[in-house]
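Structural overview
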Amino acid sequence: MDNTRGASFQLAKPLRPPRRIGLFAAAAFGAMACCNAGPATAAISDDEVRVGLLADMSSIYANISGHGSETAARMAIEDAGGQVAGRPIRLVVADHGNEVVQAVETARRWLDDDGVDVIADVVASPAALAVQELNRSRGAVVFYNGVMTSDLTGSACAPTGIHWMYDGYAFTTAIGRELTQRGARSWYFVTVDNAFGQNVQADLTAVIAANGGHVIGATRHALGQEQLFAQLRQAAQSGADVIALVNAGDDMIRAVRQSYDLLSVSKGQTALAAVATTLNDVHLMKPQLAQGLKLAHAFYWNRDAEARAWSERFRARTGAMPNDMQAGVYSALTHYFKAVAASGSDKGTTVVAKMRELPIRDPIVRNARLREDGRMVHDTYLMEVKKPAEITVPWDYLRILRTIPAEKAFKPLAEGGCPLVKH
């Protein structure tokens, strides 16, 4: 697949084009004060800021990452004026195809050979954990926007690794605590058999128990497994109040579609909850099959006027409304550019320190701050898929049932286990 995109200006020292990587050099638009002001003697390496977007363009997470994440990155660069601290911004795009080896090879090439200063997206927990270890000794800023595992800011935390949007603990808190407190006491898990599934199932189990509920059983399935009805039927026959889908992407979509054939689910007798969903998922699975599904999001396009305005810009380019991880790419890079401008440097540790000082304010996140462990905490939303008759605006598939404030949604800093945090 040819992913090459034409550059809008010529670099004096061009990047070496890696395998499966497309290049896009952002045009120099009118400067915005937030991102182009800064010290006159900016310490910008290679006289430009190089952004690497490491996404899944071709595998099971392509629908929730992919070209939508790239569009969000381009929008962040454009809104920064195409430059920061007087230096141009270049975007480099790569498809890791949900392959850990490919993700690590690309990140190593970018960091060791191509001078990439910041990497964003890195969807999927196994790829994210591997890139985190690779970058630990290199010190570039890496934003994880489509990752559920809380280990990134726990035992595997790193000085310049930033977990920006998705978070298994926050989402399981929104789903597990709120639904259990609403009376759903018994749970059964249908879990993907990988690091993400194991981590999130453990977090959700703890949340359910802490709120007076209990897990009566669990079953696992392989990543990419086509037929999940046997696992779903086993869950339904358990008599649980809630069947929790601890999977993502195409796996989760198949599970929701196949669960509609279970009478207890289709009649609303058993609640269905999914810990890792996006708006794109609901669009693909169709609201008539997903109606009543409980889920948690970090962003919703129709939450308020500011979010709607930004999302309409995104939709004009992509034909779809953004999901929270795609919107998170925009939010993360926007804050990064502000920090580079304010510090006059693209050195990872310097930028991260400045990111912690600056207020986080953009159309995407609310009530947000960056903690010492690398976790950006923000408000999280418990949501429900509307019935088809309730959907009167295109893409407005969800309703917000409850807003969970940042300080109540995320794992407390003292409990995270990050070795960088001083107690």
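In this convention, every chain numbers its residues from 1, walking through the sequence in written order. Totals for whole chains, interfaces and linings use all residues, but because this is a predicted model, local features are given only for residues with pLDDT of at least 70 and pairs of side-chain atoms are given and counted only at 80 or more. As a rule here, side-chain values cover all heavy atoms of the structure and leave hydrogens and water aside.

1. With respect to the overall build of the protein chain
Here is the rule we go by: Secondary structure elements are defined from DSSP: runs of H or I of at least 4 residues count as helices, runs of E of at least 2 residues count as strands, and each element is numbered from the N terminus. When accessible area is computed with a 1.4 Å probe and restricted to protein chains, residues below 20% of their type maximum are described as buried, those above 50% as exposed, and intermediate ones as partly exposed. Note on contacts: a residue pair qualifies if any of its non-hydrogen atoms lie within 4.5 Å across the two residues. Each accessible area value is a Shrake-Rupley result obtained with a 1.4 Å probe; residue values ignore everything except the protein chains displayed when judging cover.
When you go through the protein chain residue by residue, the secondary structure sums to 15 helices and 16 strands. Residue burial in the protein chain is summarised as follows: out of 423 residues, 61% are buried. The long-range fraction of contacts in the protein chain, counting pairs at least 24 apart against all pairs at least 6 apart in sequence, stands at 71%. Summed over all atoms, the accessible surface of the protein chain reaches about 15300 Å², with 50% contributed by carbon and sulfur.

2. Examining the nonpolar core
Here is the rule we go by: In this text, buried Ala, Val, Leu, Ile, Met, Phe, Trp, Tyr and Cys residues form a nonpolar core when linked through side-chain atoms within 4.5 Å.
Counting residues in each nonpolar core, the largest one holds 115 residues, and the members touching the most others are F143, L333, Y336, F337 and M355. Element by element, the count of residues in this core is highest for helix α13 (residues 324-343), at 11 residues. In terms of nonpolar packing, the next biggest core, distinct from the first, is built from 20 residues, L54, V92, I119 and V131 among them.

3. Considerations on the packing of α13 against helix α14 (residues 348-357)
We count it as follows: To obtain an axis, a line is fitted to C-alpha atoms, over the contacting stretch when the element is a helix, and the angle between two such axes runs from 0 to 180 degrees between their N-to-C directions. What sets the label is the angle itself: under 35 degrees gives roughly parallel, over 145 gives roughly antiparallel, 65 to 115 gives roughly perpendicular, and the rest give oblique. Only Asp, Glu, Lys and Arg are considered charged in this grouping, and only Ala, Val, Leu, Ile, Met, Phe, Trp, Tyr, Cys and Pro are considered nonpolar; every other residue, Gly among them, is considered polar.
Close contact between α13 and α14 brings their axes to 8 Å; oriented N to C, the two are set at 105°. Looking at the two axes, α13 sits roughly perpendicular to α14. Contact residues: α13 offers H335, Y336, A339, V340, A342 and S343, while α14 offers T350, V351, K354 and M355. Partitioning the contact of α13 with α14 into residue classes produces 6 nonpolar, 3 polar and 1 charged.

4. Some points on the side chain of R177
Note the cut-off: In protein, a polar contact means a hydrogen-donor-capable atom and an acceptor-capable atom, both N or O and within 3.5 Å, with residues adjacent in sequence counting only if both atoms are side-chain atoms; elsewhere, any N or O pair within 3.5 Å suffices.
Topologically, R177 is positioned in helix α5 (residues 168-181). Within polar-contact distance, the side chain of R177 engages the side chain of E178 at 3.3 Å. Residues in contact with R177, not counting those within four places in the same chain, are T172, V207, N211, I404 and K408.

5. As for the packing of aromatic side chains
Quick reminder of the rule: For this analysis, a ring pair means two rings from Phe, Tyr or Trp (six-membered ring only for Trp) whose centres lie within 6.5 Å, classed as stacked if their planes differ by under 30 degrees, edge-to-face if by over 60, and tilted for the remaining angles.
Counting across every chain of the model gives 9 aromatic pairs. Ring geometry for Y300 and W301: centres 6.1 Å apart, planes at 50°, overall tilted. Comparing Y300 with W301, the two get one shared label, buried. Of the aromatic side chains, those joined through ring pairs into one cluster are F143, W164, Y336 and F337.

6. What to know about helix α7 (residues 229-237)
What counts here: Summarising the geometry, the arc corresponds to the directions from the helix axis toward the C-beta atoms.
Buried within α7 we find Q231, L232 and A235. Here the buried residues of α7 occupy an arc of 95° about the axis, which is enough to place them on one side. Looking at the buried side of α7, the elements it contacts are β8 (186-192), β9 (214-221), β10 (242-246) and α8 (249-259). Positive backbone phi, approximately 80°, marks G239, located one or two places after α7.

7. Things to note about the confidence of the model for the protein chain
Atomic detail in the predicted coordinates should be set aside for any region of low pLDDT. Threshold: The pLDDT value expresses, per residue, how confident the predictor is, ranging between 0 and 100.
For the protein chain, mean pLDDT is 89; residues scoring 70 or higher make up 90% of the total. Between residues 1-34, whose pLDDT stays under 50, and residues either more than four places distant or in other chains, the model counts 84 contacts.

8. Points about unusual backbone geometry
Among all residues save glycine, negative phi is the norm, and among peptide bonds the norm is trans. Despite not being glycine, D121 has its phi angle at roughly 85°, a positive value. On the secondary structure map, D121 appears in strand β5 (residues 118-121).

9. Description of the pattern of salt bridges
To keep things clear, this is the line we draw: The salt bridge definition used is simple: a Lys or Arg side-chain nitrogen within 4 Å of an Asp or Glu carboxyl oxygen.
Using the criterion set out here, one finds 25 salt bridges in the structure. Between K294 and E384 there is a salt bridge, and its shortest N-O distance comes to 3.1 Å. Here E384 lies in strand β15 (residues 380-385) and K294 lies in strand β12 (residues 294-297), a separation of 90 residues in the sequence. Among the residues examined, K294 registers a relative accessible area of 14% and is labelled buried. The exposure class assigned to E384 is buried, which follows from its relative accessible area of 17%. The closest approach of N and O atoms between E306 and R366, which form a salt bridge, is 3.3 Å.

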